[in-house]
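Take a look at the letters that make up each chain.
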Amino acid sequence: MLRVGGKVACTSCRNLVSTNTGLRFPVPLQKLHPLSRAIHHRYSGSANPQRPPHRMAARYFTSMSRLPMRPPKPPPGSGGRNHQQQRNFWVARLAARLLKLRYILLGSAVGGGYTAKKTYDEWKDMFPDLSEYNWVIPDFVWELSEQIDLDKLAKALPEIEEIAKLLPDLDKIRENFTFLKSLLSSETSGDPPLKATDSSTAATQDAGDKQYKKGLLGELILIQQQIQRHEEEVRRAAEANSARPPPPEPAPSPPPNPSPPQQKRKSSDKEKVDQLQEELLRTQLKYQRMLERLEKENKELRKVVLQKDDKGIHQRKVKKSLIDLYSEVLDILSDYDANYNTQDHLPRVVVVGDQSAGKTSVLEMIAQARIFPRGSGEMMTRSPVKVTLSEGPHHVAIFKDSGREFDLTKEEDLAALRREIELRMRKSVKEGQTVSCETISLSVKGPGIQRMVLVDLPGVISTVTAGMASDTKETIFRISKAYMQNPNAIILCIQDGSVDAERSIVTDLVSQMDPQGKRTIFVLTKVDLAEKNLASPNRIQQIVEGKLFPMKALGYFAVVTGKGSSGESIDSIKDYEEDFFQNSRLLRDGMLKAHQVTTKNLSLAVSDCFWKMVRESVEQQADVFKASRFNLETEWKNNYPRLRELDRNELFEKAKNEILDEVISLSQVTPQHWEAILQKKLWERVSTHVIENIYLPAAQTMDSGTFNTTVDIKLKQWTDKQLPHKALEVAWETLQEEFARFMAEYKGKDQDDIFDKLKEAVKDESIKRHKWNERAMDSLRVIQHNALEDRSITDKPQWDAAIQFMEETLQSRLKDTDSVIKDMVGPDWKQRWLNWTNRTPDQHIRNETKNELERLLKLHEDHTAYLANDEVTTVRKNLEGRGVEVDPVLIKDTWHQLYRRHFLQKALSHCSLCKRGFYYYQRHFVDSELECNDVVLFWRIQRMLVITANTLRQQLTNTEVRRLEKNVKEVLDDFGEDMEKKTHLITGRRVQLAEDLKKVREIQEKLEAFIEALHKEK
C-alpha cells in the first residue's frame, strides 16, 4: 500500500496516474471517476481470496464514501502460493487492464460531455436577451434581403478573367511611365504623396469595411461599395482601351482586318459590359429608393431612441471648442449680472473708440468678414455686440439665440446678417432712447481666425445731435465705463489717425480706467490718410511710441482698414494694407516697426494677450463663484429647508399648471349646482324690480282683470328691455365667482402665497378679455318671453311650490320693511332700558308720526297706497296739537313704509288662504269669492327663473367655460413670454435666491469645464 496525503491507495490505483505529468505523488483514488474506481477494485488483486461475493459485487462506492480497507500486499518471497497464482492468471490481468482502459475512456467521455453541456448552459444564461433591441433598426431593413436578389447580383458580376481582358497592357503603361518619369525627374517627389493618398484611401476603405461588417445593413453597404468599385474599374478599362496608342511598326502598312474570333470576342465583351452597366443602374435606383426611405424614417427613429433613454441609449454630446465654452459663460453672466459689478471679472476684449474712428472696421478685419451695418457718419452701433471668434473649417456666423448659420463667403448671407444685426439693435433700444445696454451675442468661425471674445461698444461722442436722446452721451460713457472697469478686461483703444489727436475723447476715458496701461492696446487707424495729410510724419511716430498721448498701453499698432468704400472686400483691404506698408516711408525710415503694422499682427497680439489674461484670472474667478454658491446654498437651507429650489420660470410653470387645473375643474361642476346658483342670484338681482314695479302696482287694483292686464304689460316691457341683460350679467358674475372659488379652494390645499399675485392678475386679465356671446341675448329674450306668457299650472305640487315661493319672498320683504321702520323710529322701551340708549329728536318725531298713521290704518284697513293732501294736513295738525312739529314730506315717507308693511301682512294672510285655492283656479275662480291671481304671477316668475337658469347653464357649460379656458391659456402664454411681467408678478427673496443659485451653479459648472479643457490644451 502507498499512503499519499493521509489517504491510502493501492498499487493498481497508483499506476493509473501517468508518470509523465510531472507530479511527485499520484492522485487519490477518491478523485477518479466512480465507474472507473468501481471497475478497478473489482478486478484488482487481493491477499484475501475469500470474500463475500454477493456483498462485494453489489456494493457501489461513490466519491463521497470511504474506501474499504484492504490488507497490505505481502512482500516478495513470503509465500509461493500467491506467486503461482499470479503466474497462472496473467491473461486475466491483461484483460482486466484492457477493460479498465475502455471504461476509463467511456467514463471520461460521459463526464466530459456532461461538463461541456453544463458549461454551455451557464454561458448561454450569461448572454443578455437582445431581442428587445430589434426596434433600433427599422422594419424595412429586415426586408432588404427579400427585396434584393443577392444571387442574381453575384451571377451578373463578370469573372476575374473577363475583367482582366478589359484591363490595359500594364507593360506598355510601365514603359510610358518610366519615360515620363525620366522627363520629369525634378518632380519625382510627387510619387510618395500619390502612394500615400492611395494607401490612405485603402486604409479608409478598410476602416469603412470593418465599420459596416456587422448586420444586414452593413452587408448591403459593402455590396454597394463593391458595385461602385467594379463600375469604376470597368469605366477605366473602357477609357484605357479607347485611349491605348497603337504599337509602333517598322514600316507603314495597311492594318490587317481583324479575324472573326476577335470580333466575336469584342462584341461579347461589349455586351457583357452593357449588361453589367444596366444591372448596376437598376441596383443603384433600388438603393436610392431605400436611402430615401431611410431619410424619411430618420426623425422618427431619433425620437424612438430618445424615448428609450432608460435602456442606456443616450444622445451623443457634441464636443465644444475652448472658446465656445468660455463664450457660454460670458453669455450667462450677461443675463445674470447686467451691470457687470465685482462678481464678473472674467477677461474679454473691449473695443472702444470715438465715433467713426474705424473700430468696427478693425473688428471686421479681425473677423475677416464685413458683418456690421455701415453708415456715412451716422451712429450704427447702438448696443454692445459680443463677437466670439474661433477657428473652423467653414466661415460662418450664428447668433446665440438662433439656429441659422450665415455663410460669410456669400454676399446674400452677409447682407442678411447685417440687416439682422441692425434689426436687433433697433429692437433693443427702448422708446425715447438712442442706445441700449442689452448685449447682442454673435459667434464667428472660420479658417485662420484667432480665438478671442470681443465686445464692440457704441462710439464715444462729444455732442448730442438732432434726433438723439438728451442723455445719449452720458449713456455711452456709462456703458463704456461699465465694461472697462473690469480689472481683467483688455481695452482695445481705437484712434482715428486722419484727424487731430487733440480732438480725441476716448484716450482720456481709457486713461481714467487703466492709468498704468497694463491691459490697454492702442490702435491707430487710417494711417494711409494720416501719412498723406500730415506735414510731419514724425507725429505718427510719437503716437505709436506713446509719447503724444498721456495714456499708457501694452502695445501700439498702426493699421489700414481700406480706402473708405463700403463695397470693398476683406481680401482687397488686406492687399491694399500690405502694399501700403511695403511702400510706406513710415516703415522704410524706421518710424514704424514691422510687428506694429497690419491687422494680422494686431489680431495675433490681442489673442495672445487675451489668453494670457484668461489663464491668469479664470481660476480665481471660479473660486469666487464657488464661494458665492456656498453662501447662497447656506442661506437657502437656513430659510427654506423644506422647499425645492425653483427659479422664476419653474415657479411660473407650476402656477400655470395649477391655474389650468382650476379652469378645467369648472367643467366638472354639476348641472344642478349651476342651475341652483344661477336661479338664486338671478332672483336676488330682479326681485326688487318684480315686487316694486310689477307686483305692488298691480295688487293695488281692485279688479282681477286689471291686475292681469297690468302684470302682462309690465312683464312684457321688462322682458324686452332689462331681463335678458340682467340674466347675462348674473351668468357672467357666477362664472367669475366659481372660478375664484376654485382658486381659493386650491390655495387651501397648498399654502404657497407666492402665486397669489400672479393668479389674481391672470384672473382679472382673463375676465377682461372674455366677452359674452351677444347672439345668446336674442334667443334668451324669446325663451323668457314664452315662459312668462304661460299661465297654466298643471298640478297641485306646482301650485304649492308657487305659494311657498310667494310666502318666502313676502316674508323677506316684510322683514326688510320692519328693519327700515325700526331704524326710523329708534329703539323701543325694552332696548332703551336694557342698552341704556335714547331716541334722537328725529327718531322721536318719526315715532310720533308712526303712531298717528297707524291709528289711521286701523280706521281704514282698505286704504290706498297714497295719502291725500287733507289726510296729510290732518295728521300734521294732530301732531302739532301734541307739540310735535313735522314736515309733510316726513309724513309721506313714514306712510310709505307703514303702508308697505300693512300690505305685505295682508298679502301673506291672503297667500295662506290660497293654499286651498287650486280647485278654484282650475275652474277659473268662477262662483268663488277667492281670487289667487298673485299666486299665478309668482308661478310665472318662478318658472321663468328655472328656464332661464337652465338656458344659462347650457351656455356656460357648452361655450363660455371653454372660451374662458382658452382666454386663460392665452393670458398665461402672454405672461410667459413677458419676462418683465413675470418679474413683477413672481417676486420675493425666495424667488431671487433661487434665481441666483441657478445662475451661479451654471456659471461655476461652465467655468470648471472650461478650466479642465484649458489644462488639457496646455
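Refer to the structure printed above.
Attention here is on the structure that accompanies the text. Just so you know, these numbers come straight off a predicted model, no measurement behind them. For every chain, the first residue of the written sequence is number 1, and numbering continues from 1 onward in sequence order. It should be noted that, the model being predicted, local features are given only for residues of pLDDT at least 70 and side-chain atom pairs only at 80 or more, the latter also being counted only at that level, while totals for whole chains, interfaces and linings use all residues. Calculation of side-chain values draws on the structure's entire complement of heavy atoms; hydrogens and water are dropped beforehand.

1. Here's the deal with the nonpolar core
As a reminder, the rule being used: Buried Ala, Val, Leu, Ile, Met, Phe, Trp, Tyr and Cys residues form a nonpolar core when they are joined through side-chain atoms within 4.5 Å. For the exposure calls, accessible area comes from a 1.4 Å probe over protein chains only, and a residue counts as buried if that area is under 20% of its type's maximum, exposed if over 50%, partly exposed in between. Runs of H or I in DSSP of at least four residues are treated as helices and runs of E of at least two as strands, each being numbered from the N terminus. Between two residues, a contact is recorded if the distance between any of their heavy atoms is within 4.5 Å.
Core analysis: the largest hydrophobic core is formed by 99 residues, its most contacted members being Tyr695, Trp718, Trp799, Ile941 and Val968. The leading source of residues in this core is helix H36 (residues 933–977), at 17 residues. Contacts of Tyr695, omitting those with residues within four sequence positions, involve Val690, Met806, Leu810, Phe903, Ala907, Asp934, Leu937 and Phe938. Among the nonpolar cores identified, the runner-up in size contains 60 residues, and Leu346, Ile371, Met452 and Met613 belong to it.

2. A few points about the sheet that holds strand E4 (residues 385–391)
Definition in use: For two strands to pair, DSSP has to find at least two bridges joining them.
Spatial strand order, E6-E5-E7-E4-E8-E3-E9-E10-E11: 9 strands in an open sheet with mixed pairing. Both outer strands of the open sheet, strand E6 (406–407) and strand E11 (555–558), are each paired with one neighbouring strand and no more.

3. Quick notes on the state of the cysteines
Convention followed: By convention in this document, the label disulfide applies to cysteine sulfur atom pairs within 2.5 Å.
Taken as a whole and assessed by the stated rule, the structure comprises 1 disulfide. One disulfide bridge connects Cys914 with Cys932, the sulfur atoms lying 2.1 Å from each other. Judged by the sign of its S-S torsion, about -100°, the bond between Cys914 and Cys932 is left-handed. With Cys914 in the loop between helix H34 (888–913) and helix H35 (918–922) and Cys932 in the loop between H35 and H36, this residue pair connects regions lying 18 residues apart in the sequence. Grouping residues by exposure puts Cys914 and Cys932 together as buried.

4. Thoughts on the packing of aromatic side chains
Threshold: A pair of aromatic rings is counted whenever rings of Phe, Tyr or Trp (Trp by its six-membered ring) have centres within 6.5 Å, and the orientation is called stacked for planes under 30 degrees apart, edge-to-face for over 60 and tilted otherwise. Look at NZ for Lys and CZ for Arg. If either is within 6 Å of the ring centre and within 35 degrees of the ring normal, a charge sits over the ring.
Per the counting criterion, the structure on display carries 16 aromatic pairs. Aromatic side chains Phe805 and Phe938 sit 5.9 Å apart centroid to centroid with 70° between the ring planes, which places their arrangement in the edge-to-face category. Placement of the pair is Phe805 in helix H30 (residues 796–825) and Phe938 in helix H36, with a sequence separation of 133 residues. Relative accessible area serves as the criterion here: at 12%, Phe805 is assigned to the buried category. Given the relative accessible area of 1%, Phe938 is considered buried. Grouped by ring-pair contacts, the aromatic residues Trp683, Tyr695, Phe805, Phe903 and Phe938 constitute a single cluster. Between Arg424 and the ring centre of Phe399, over which it is positioned, the NZ or CZ distance is 4.1 Å. For Lys982, the ring lying beneath its charged end belongs to Phe652, and the centroid distance is 5.5 Å.

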